[in-house]
Amino acid sequence: MTLPPVSIGIDVAKHHLDLFHPDLGPQQIANTLEALQAWIARLPSRHVLVVFEATGHYDAALRQALTEAGLPHARINPEQARDFARAMGRRAKTDPLDARMLAAFGQRMAPKPRPAADPARARLALWHKRRDQLVAMRQQERTRLSECPDPALEAPIARHIALLSQEIAAVEEMLRALIASTERLRRAERLMRSVPGIGPVTATTLMALLPELGERSPKALAALAGLAPFNRDSGRRRGPREIRGGRKRVRDALYMAAVSAARSRTRLGAFCTALRARGKPPKLAFVALARKLLGVLNAVLRDQTPFQQT
């Protein structure tokens, strides 16, 4: 009989980590790579599952230390953790209590361990995020320029827009270089761009933010991207199906790709046209096409075969 791993909960803060080990009890250490490596070295057993909430860059050192040590770990959605705590009847919230709750979550829910991080994809995601930040800043400045009440301010705002455009171009060049430097990413980009509507930005977004593409079922990927329709039924009432949750940036990229693919003279364009002919609203048709695009991209990467236009 195989014993389940010991579930360790970790609550992540900027400067420290609260840990709960069922055998060792609560503990607090600094949120540094050195402190984590020392803590891992003192673990009585490596047959563990470390559970923590996704907290952006605050859990970067934790992920690095666990990956280097080869320890299985699950990075879960904070909303899922809060729902679990409420289901357990826990209303109080402190960092040590959260760590204990995460340990219980791992023991009862047995989340799947996070796959080993791909350094090339991680760097691609970092630069992709920077591009998004710069594009958002440029859009804000363009809005300010269009609403500027003082002509004297227009020139400095315009200069800032030009500077941001230069920075965006530099980041895009870096993204192209990162993709070109890795055969796996180069091939994935070529395969994805064979699909109508998928341009360089969408392909980069999917490679950076949806590494599961090509390795999961279409339904699982739709849920990850926030494109899976959820029921809202109660008694005799049948509510409208709605999409929600998931990775918003991925969903936005696929939606814009669907808008482009809808204009193509391919079976994807015909699919959207047929939906519109049946009276479906444009947004619903584009969302349905975005979900179909995701399935096509998954098959293309899974089979390592370009999209067939006919």
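Bear in mind that the values here come from a model prediction, so they are computed numbers and not experimental data.

## Some remarks on the packing of aromatic side chains
- On inspection of all chains with the given rule, the structure shows 2 aromatic pairs.
- Taken together, a centroid distance of 5.9 Å and an interplanar angle of 85° make the contact between Tyr-255 and Phe-286 edge-to-face. In this pair, Tyr-255 sits in helix α10 (residues 248–261) while Phe-286 sits in helix α12 (residues 282–303), placing the two residues 31 residues apart along the sequence.
- With relative accessibility at 19%, the residue Phe-286 sits in the buried group.
- Stacked on the ring of Phe-271, the Lys or Arg Lys-292 has its end atom at 5.0 Å from the ring centre.

## Concerning the pattern of salt bridges
- Applying the stated criterion to the full structure yields 15 salt bridges.
- A salt bridge links Arg-144 to Glu-141, with the shortest nitrogen-to-oxygen separation between them at 2.6 Å. In this pair, Arg-144 and Glu-141 both sit in helix α5 (residues 119–146), 3 residues apart, roughly one turn of the helix.
- A salt bridge links Glu-183 to Arg-186; the nearest nitrogen and oxygen atoms lie 2.5 Å apart. Of this pair, Glu-183 and Arg-186 both sit in helix α7 (residues 183–192), 3 residues apart, which is roughly one turn of that helix.
- What emerges from the salt-bridge pattern is a single network uniting Asp-59, Arg-63 and Arg-75.

## A short note on the sheet that holds strand β4 (residues 48–53)
- Read from one edge of the open sheet, 5 strands run β3-β2-β1-β4-β5, paired in mixed fashion. Strands with a single pairing partner mark the edges of an open sheet, and in this sheet they are β3 (25–30) and β5 (73–76). Between one strand axis and the next, the sheet turns through 20° on average, direction left out of account.
- Here 4 bridges tie strand β1 (residues 6–12) to strand β2 (residues 16–21), and the two strands are oriented antiparallel to one another. The residue bridging Asp-11 from the neighbouring strand is Asp-18, located in β2.
- On top of the sheet, helix α1 (residues 33–41) reaches β1, β2 and β3; it is set at about 145° to β3, its chief contact.

About the thresholds
Position labels on residues start from 1 in each chain and follow its written sequence. Two thresholds apply to this predicted model, a pLDDT of at least 70 for residue-level local features and 80 or more for giving and counting side-chain atom pairs, whereas whole-chain, interface and lining totals are computed over all residues. Hydrogen atoms and water are omitted, and side-chain values are computed over all heavy atoms in the structure. Side-chain rings of Phe, Tyr and Trp (the six-membered ring for Trp) are treated as a pair once their centres are within 6.5 Å; stacked means planes under 30 degrees apart, edge-to-face means over 60, and tilted covers the remaining angles. The secondary structure listing takes helices from DSSP runs of H or I that are at least 4 residues long and strands from runs of E that are at least 2 residues long, numbered from the N terminus. Relative accessibility thresholds used throughout: buried, under 20% of the residue-type maximum; exposed, over 50%; partly exposed, between the two (1.4 Å probe, protein chains only). We call a charge positioned above a ring when the Lys NZ or Arg CZ atom is no farther than 6 Å from the ring centre and deviates by at most 35 degrees from the ring normal. Salt bridges are counted wherever a side-chain nitrogen of Lys or Arg sits within 4 Å of a carboxyl oxygen of Asp or Glu. DSSP bridges decide pairing: two strands pair if at least two such bridges lie between them. Axis angles are defined between N-to-C directions and span 0 to 180 degrees, where every axis is a line fitted to C-alpha atoms and, for a helix, only to the segment in contact. Whether two residues are in contact is decided by their heavy atoms: any pair within 4.5 Å suffices.

Just distances and angles here, no functional claims.
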